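Chain and residue survey
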Amino acid sequence: MDEKQLEQIAYHESGHAIAEYHLCPHRKIAYLTITRRSEALGFMLPVSKTDIYAMPLEDIVGDIQVSLAGHVATEICLGRAWTGASSDLEHVRARIHYLASLGYLGFFPMGDSKDHNTEIEAFVKRCLDATKTLLLGHRKELEALARTLLEKRDMSGEEVVEVIKKA
């Protein structure tokens, strides 16, 4: 694979991992890779630390930010947006729909969600802004993790946490 594309994947997956580490203390990172598996060019695998039966809605917002973090990390570190985040964005859309169905966005959809585009767009902007702020605040961790991931290609969760803590 072209080195520039591999670098993009490393930043993308590292963005997910940094956001996961800082936003989701109820989960741990089990695995991080930039080795292609099926349709995935790379992935970060989080696992719950305990069985989950119900959760605060803010945890779902954190999950949305984790999904956005790959795209945002690529923009921050490479200076422009890349393709490759389509499944992440599908996940974001599903989670936003779920939050809306619970009234978290200030409305309960009774029909077409197009009636609430303004609220949804404002929510997405807040999530993107918060994700960018988080990653910029942890840029050293992001850069260190991406560099290590480019060297190793595959990392255990323990290795990921070790790199984050050292940075």
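As a starting point, this report considers the structure included with it. (Residues numbered from 1 in each chain as written. Predicted model: local features only at pLDDT ≥ 70, side-chain atom pairs only at ≥ 80, totals over all residues. Heavy atoms only, no water.)

**Quick look at the pattern of salt bridges**
Here is the rule: By convention in these notes, a salt bridge is any Lys or Arg side-chain nitrogen within 4 Å of a carboxyl oxygen on Asp or Glu. What counts as a helix is a DSSP run of H or I of at least four residues, what counts as a strand is a run of E of at least two, and both are numbered from the N terminus. Per-residue accessibility, obtained with a 1.4 Å probe over protein chains only, is compared with the maximum for each type, and a residue is labelled buried under 20%, exposed over 50%, and partly exposed between these values.
For the coordinates displayed, the defined rule picks out 8 salt bridges. Across the pair Arg139 and Glu143 runs a salt bridge whose closest N-O atoms are separated by 3.0 Å. Of the two residues, Arg139 and Glu143 both sit in helix H5 (residues 139–152), 4 residues apart, roughly one turn of that helix. The exposure class assigned to Arg139 is partly exposed, which follows from its relative accessible area of 30%. By relative accessible area, Glu143 is classed as buried at 17%. Connected via shared salt-bridge partners are Glu20, Arg27, Asp63 and Arg95.

**Some words on the sheet that holds strand E3 (residues 154–156)**
The strands that make up a sheet pair up through hydrogen bonds in the backbone, lying either parallel or antiparallel. Under the convention used in this document: Between any two strands, at least two bridges found by DSSP are needed for them to pair. Fitting a line to C-alpha atoms yields each axis, with helices limited to the stretch in contact; the angle taken between N-to-C directions then spans 0 to 180 degrees. Residue contacts are defined here by distance: any two heavy atoms, one from each residue, within 4.5 Å place the two residues in contact.
Spatially, 3 strands are ordered E2-E1-E3 in an open sheet, and the strand pairing comes out antiparallel. With partners counted over all chains shown, the strands left at the sheet margins are strand E2 (43–48) and E3, one partner each. On average, each strand axis in the sheet is tilted by 25 degrees relative to the strand beside it, whichever way the strands run. Pairing of strand E1 (residues 27–33) with E2 involves 6 bridges; the strand directions are antiparallel. Within the sheet, the bridge partner assigned to Ile29 lies in E2 and is Pro46. Sheet strands touched by helix H1 (residues 3–23): E1 and E2. Its angle to E1, the strand with the most contacts, is close to 170 degrees.

**What about helix H2 (residues 57–78)?**
The α-helix winds at 3.6 residues per turn, so residues separated by three or four positions along the chain end up facing the same way. Applicable threshold: Expected helix span is computed as 1.5 Å times (number of residues minus one). Axes are fitted to the seven residues ending at a residue and to the seven starting at it; the angle between these axes is taken as the bend at that residue.
Its 22 residues place the ends of H2 32 Å apart at the C-alpha level, agreeing with the 32 Å of an ideal helix rising 1.5 Å per residue. Its axis deflected by about 40 degrees at Ala69, H2 carries its strongest bend there. Within H2, 17 of the 22 residues are buried, leaving the element largely enclosed by the surrounding structure. At the C-terminal side of H2, Gly79 shows a positive phi close to 80 degrees.

**Things to note about the state of the cysteines**
Here is the rule: A pair of cysteine sulfur atoms is labelled a disulfide when the two atoms are within 2.5 Å.
With the rule as written, the count across this model stands at 0 disulfides. The structure places no disulfide on Cys77, whose sulfur is separated from the nearest cysteine sulfur, that of Cys24, by 19 Å.

**Considering the environment of Ile52**
By the element assignment, Ile52 lies in the loop between E2 and H2. C-alpha of Ile52 to C-alpha of Val66: the two residues are 14 residues apart in sequence and 18 Å apart in space.

**Digging into the side chain of Gln65**
Residue position: Gln65 is located in helix H2. Not counting residues up to four positions away in its chain, the partners in contact with Gln65 are Ala19, Leu23, Cys127, Ala130 and Thr131.

**Here we look at the nonpolar core**
This is how the line gets drawn: Among the buried residues, those of types Ala, Val, Leu, Ile, Met, Phe, Trp, Tyr and Cys that are joined through side-chain atoms within 4.5 Å form a nonpolar core.
Counting 30 residues, the largest nonpolar core has Ala17, Leu32, Leu135, Leu145, Met155 and Val160 as the members making the most contacts within it. Residue assignment for this core shows that the elements contributing at least two residues are H1, E1, H2, helix H4 (117–137), H5 and helix H6 (157–166). What Ala17 contacts, discounting residues up to four positions off in sequence, is Ile29, Leu32, Met44, Leu145 and Val160. In this structure, Val61, Ile64, Leu105 and Phe123 belong to the second largest nonpolar core, which totals 13 residues.

**Side note on the environment of Asp88**
Along the chain, Asp88 falls in helix H3 (residues 86–101). Along the chain, Asp88 and Val66 lie 22 residues apart, while their C-alpha atoms are 9.0 Å from each other. Filtering out sequence-adjacent residues up to four positions away, Asp88 remains in contact with His12, His16 and Ser67.

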